[in-house]
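Spelled out from the first residue to the last, the chains are:
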Amino acid sequence: MNPQLGPVDPVFADPRALPEELAPLATALDGEAELHRRVTRPRPPREGSRRAAVLIMISEDDLDITFTERSGTMRKHPGQISFPGGALDEGEGPVEAALREAWEEIGLVPSRAKVLGRLPAAHVAASAFDVAGVVATWDGEQAAGIAPVDPAEVASIHRFRIDELADPEHRVSAVIPSGYRGPAFAMGEIFIWGFTAHLVDCILDLGGWRRPWDTSREEPVPWRFLRDKAGPSREWKGPRARD
């Protein structure tokens, strides 16, 4: 387990020093009114809800995004793909919370992340939190120190390049038994859906990386990534055909 982290002092990115490919994203995140107009949130924040934040890490060397796979023994949402993150501690803002959680979950030293900005918060019904996505770049050198800190919380780390995520062959509309339908990314054996996929979709749009894709192509969320609580695995084959 990582040692206790002291107060987080965020490092903010200098737009002039960013790789050219990240300039449109940095510009979009800098305009609050335009950002709220362009970002489609599944649900707006709810008054009185607890607040949380996640860290969307984009490497400067390979333009990839880092995801975590929750442990299969977690009490809630075991096995799902997410971003490092969690609830805000007292006195924290979203940026500080996201950086602290990334340190606690995957060992990212906060000073290695350069904050670009954050996405408008959205309400996540499954957790009852209002969650803000904090966007940051980092050097991308995994060998220099990011790995699951506690295997009981994070099973593994996955990194996918932005051009892979934007590839129409990897884009599908996820469907689940409750009737939910939303953007998803089928990355081989990894399936990214739900709020995490909504955030990725926003990043692709704001950064100018979005490519046309077939939104009518539906795929049931594999049970491995759908479970709400730890328990035996089973398979859901998708919605039944209607007469």
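These numbers were taken from a predicted model, which means no experiment stands behind them.

Draft legend 1. Quick look at unusual backbone geometry. Residues other than glycine seldom take positive phi values, yet Leu63 does so here, at roughly 50 degrees. Within the secondary structure, Leu63 sits in the loop between β2 (50–59) and β3 (64–70).

Draft legend 2. Looking closely at the pairing of strand β6 (residues 114–118). Direction of pairing for strand β1 (residues 11–12) relative to β6: parallel, over a ladder of two bridges. Note on β6: the bridge partner recorded for Val11 is Lys114. Relative to strand β8 (residues 129–138), β6 runs antiparallel, the two being bridged by four bridges. Considered in β8, the bridge of Val115 is made with Ala136.

Draft legend 3. Inspection of the nonpolar core at higher detail. Among the nonpolar cores identified, the biggest contains 53 residues, and Leu25, Leu119 and Ile192 are the most heavily contacted of them. In terms of residue count, helix α5 (residues 194–206) provides more of this core than any other element does, eight residues in total. Residue contacts for Leu119: discarding those within four places in its chain leaves Leu29, Leu35, Val39, Ile56, Ala132, Gly133, Val135, Leu199, Cys202, Ile203 and Leu206. Of all hydrophobic cores here, the second largest spans 19 residues; its members include Val95, Ala97, Leu99 and Ile106.

Reading the values: rules and limits
- Residues numbered from 1 in each chain as written.
- Predicted model: local features only at pLDDT ≥ 70, side-chain atom pairs only at ≥ 80, totals over all residues.
- Heavy atoms only, no water.
- Helix = DSSP H or I, 4+ residues; strand = E, 2+ residues; numbered from the N terminus.
- Pairing = 2+ DSSP bridges.
- Core = buried A, V, L, I, M, F, W, Y, C linked by side-chain atoms within 4.5 Å.
- Buried < 20%, exposed > 50% of the residue type's maximum accessible area, 1.4 Å probe, protein only.
- Contact = heavy atoms within 4.5 Å.

Note that all results are geometric; they support no functional claim without further evidence.
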